[in-house]
Amino acid sequence: MSENGEIDDAGLEDTHPMEPDHEACYRALSTRDARFDGRFFIAVRTTRIYCRPICPARTPKRENVTFFTTASAAQEAGYRPCLRCRPESSPDLGAWRGTSNTVSRALTLIGEGALDGEAVDALAERLGVGERQLRRLFRQHLGASPIAVAQTRRVLFAKQLIIETTMPMAEVALAAGFNSIRRFNATFQTLYQRPPRELRRSQLADADQPGAEGITLKLPYAPPYDWDAMIDFLGARAIRGIEAVDGRRCYRRSIALDRAQGVIRVEPDDRELALRVSIRFPQVSALAGIVRRVRRIFDLSADPLAIRDDLGRDPLLAPLVAERPGLRVPGAWDGFEVAIRAILGQQVTVVAAVNLAAKLVAEYGEPLRSVSGDGLTHIFPTPARIAQAHLLGMPAARARALSAVAAAALADPNLFSPSQTLEDAIAKLRSIRGIGEWTAQYIAMRVLREPDAFPAADIGLLRALTRAEEGRPSTAEVVARAEAWRPWRAYAAQHLWTMDARTNRANTRTNLKDNVDAHSRSASDPVRRSPGEHDRNITSHP
């Protein structure tokens, strides 16, 4: 099925194959159905190779294949990745998403390096579960141990860097999290039966050279993807000096990690179902973390078909999901930044919140050094900077709330880390002065990537759920109505916000037309109007 010849299958251990419906998967494999890319992997016993459902090689015999829901499960069972279809390029999906928040949080922490030099029991302790329970959950939902998942991700990310960039092999090893170049070489020799340098193509048409221009990687997603909705959301909230949206095509922002600074640029790929991220950052070891954060911003791990199927059962959401099946929940680069922005946006419009954030950045943000940001001038203020600042020119309550969040972030470096249940995270956030239920749920949506977070008191949701015959619902009624949308309430909220924004734009056009008509009549039939008659309520989530 791949570029390797057949060998004996002795020694393969399919102890935990996590095998989905064999017949359904084999039909998808036979037709190369792209809808199943990332949902399962095919392992061929006669070649010891695992592939994606869209692998162009000859279809293996039915009796020679085993199906796994994750690449980690296939690799731990003794199979190695195909060099032809490149499993590292498949969408990062899983049938368990939305059902096991513990596994989801664990994977995020692993992506942050939680198992780089740490034991599984330390990861379990951060998640508030026992080590045995964590291993059992990984076996149940991923078919592999936490260590195997971490190792597989490390190898596949390294292979992506080898194929898509011209980075030196020593830098590839460091970026992927290998402790030594010897370990890096030995791992690839074992998996691919060749040294890593032989995996690199002789010509890399799409690769950027390392150095001042940085590198460019492709980040795949499962279609459909509503880029227009995503870029509109980010563009409306772009903070001057920190973020920029160029012609609804490209998103750019300044970034900072461990006192180092850089710039990222993200845009759709014209040839593949992927986004292209260009990264300029001086620390190679931070590359995996930057990619993970970019995936979080653009919600690239969402499974749109699963979300569509669940939310589409609701009569209210069905037409919205059908109209925009690729709608995602926008994430964020940094949790502290979102918390500050959310407080600034309380009870004001999106435009007002963005302007307040821009003033805060200009006053307390660190200037962007040595990296040409093309209009990007600052890094978002750190918690230490905000905690020490005398926040003048704003309401005292808001200034106290900003200071309280900064102090909490300094006291607890894991404040915005996805190591808790949704309920515990909301409770911890609400204990901070100035953060209520709405703000906490909003942070959980965009930072903690909780698919079931739901800010029920949001004015946009209340407007979207208003019915002429029933009036505007109460928060309790909204919460009860949203029970049917679990575990995807965050995506339901995004659909309702999108509908509300569209309705507001339509009302704006109608009001503008009414104003023009009224002005044309005023010369012959002047009418006295109240000052607030044409005011529009445009408050929404920041």
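The structure we're discussing is the one just above.
In this text the structure is predicted, and so the values were computed from the model without any measurement. (Residues numbered from 1 in each chain as written. Predicted model: local features only at pLDDT ≥ 70, side-chain atom pairs only at ≥ 80, totals over all residues. Heavy atoms only, no water.)

1. Observations concerning the packing of aromatic side chains
Okay, so step 1: Tallied over the entire structure, the rule returns 13 aromatic pairs.
Okay, so step 2: Ring centres of phenylalanine 36 and phenylalanine 40 lie 6.1 Å apart, and the angle between their planes is 55°; on these two criteria the pair is classed as tilted.
Okay, so step 3: Phenylalanine 40 sits in the buried class, given a relative accessible area of 3%.
Okay, so step 4: Between phenylalanine 454 and tryptophan 485, the aromatic rings sit 6.0 Å apart at their centres with planes inclined by 70°, giving edge-to-face as the arrangement. Of this pair, phenylalanine 454 sits in the loop between helix 18 (437-446) and helix 19 (459-464) while tryptophan 485 sits in the loop between helix 20 (475-481) and helix 21 (489-522), and the two are 31 residues apart along the sequence. In this pair, the class of phenylalanine 454 matches that of tryptophan 485, namely buried.
Okay, so step 5: An aromatic cluster is present here, built from Phe178, Phe184, Phe188 and Tyr192 joined pairwise through their rings.
Okay, so step 6: Above the plane of the ring of phenylalanine 233 lies arginine 237, whose end atom (NZ or CZ) is 3.8 Å from the centre.
Okay, so step 7: Above the face of the tryptophan 333 ring, arginine 293 is positioned so that its terminal group lies 4.8 Å from the ring centre. (Phe/Tyr/Trp six-rings, centres within 6.5 Å; stacked < 30°, edge-to-face > 60°. Buried < 20%, exposed > 50% of the residue type's maximum accessible area, 1.4 Å probe, protein only. Helix = DSSP H or I, 4+ residues; strand = E, 2+ residues; numbered from the N terminus. Lys NZ or Arg CZ within 6 Å of the ring centre and 35° of its normal.)

2. A closer look at the pairing of strand 7 (residues 250-257)
Okay, so step 1: Summarising burial for strand 7: seven of the eight residues are buried, a large majority.
Okay, so step 2: The pairing of strand 6 (residues 243-246) with strand 7 spans four bridges and is antiparallel. Each bridged residue has a counterpart across the sheet, and for valine 245 the counterpart in strand 7 is tyrosine 251.
Okay, so step 3: Taking the residues that link successive antiparallel strands as the turn, the strand 6-strand 7 hairpin has three residues, and the phi of glycine 247 there is positive, at about 60°. (Pairing = 2+ DSSP bridges.)

3. What to know about the packing of helix 3 (residues 101-111) against helix 5 (residues 131-142)
Okay, so step 1: Closest axis-to-axis distance for the helix 3/helix 5 pair is 10 Å, and the angle between their directions is 100°. One finds that helix 3 runs roughly perpendicular with respect to helix 5. Across the interface between the two elements, Thr102, Val103, Ala106, Leu107 and Ile110 of helix 3 pack against Leu134, Leu137, Phe138, His141 and Leu142 of helix 5.
Okay, so step 2: Here the contact of helix 3 with helix 5 is composed, by residue class, of eight nonpolar, two polar and no charged. (Axes fitted to C-alpha atoms, helices over the stretch in contact; angles between N-to-C directions. Parallel < 35°, antiparallel > 145°, perpendicular 65-115°, else oblique. Contact = heavy atoms within 4.5 Å. Nonpolar A, V, L, I, M, F, W, Y, C, P; charged D, E, K, R; others polar.)

4. Here's the deal with the sheet that holds strand 4 (residues 80-81)
Okay, so step 1: Strand order in the open sheet formed by four strands is 3-1-2-4, with mixed pairing between adjacent strands. A single partner strand is all that each edge strand has here, and the edge strands are strand 3 (65-68) and strand 4.
Okay, so step 2: Strands strand 1 (41-44) and strand 3 of the sheet are contacted by helix 1 (residues 22-31), whose axis makes an angle of about 100° with strand 3.

5. A short note on the packing of helix 17 (residues 422-430) against helix 18
Okay, so step 1: Contact geometry for helix 17 and helix 18: axes closest at 9 Å, N-to-C directions at 130°. By the criterion of interaxial angle, the relationship of helix 17 to helix 18 is oblique. The chirality of how helix 17 crosses helix 18 is right-handed. Of helix 18, the residues touching helix 17 (which contributes Leu422, Ile426, Leu429 and Arg430) are Glu437, Ala440, Gln441, Ile443 and Ala444. (Left-handed = near helix turned anticlockwise from the far one by under 90°.)

Geometry only, nothing functional implied.
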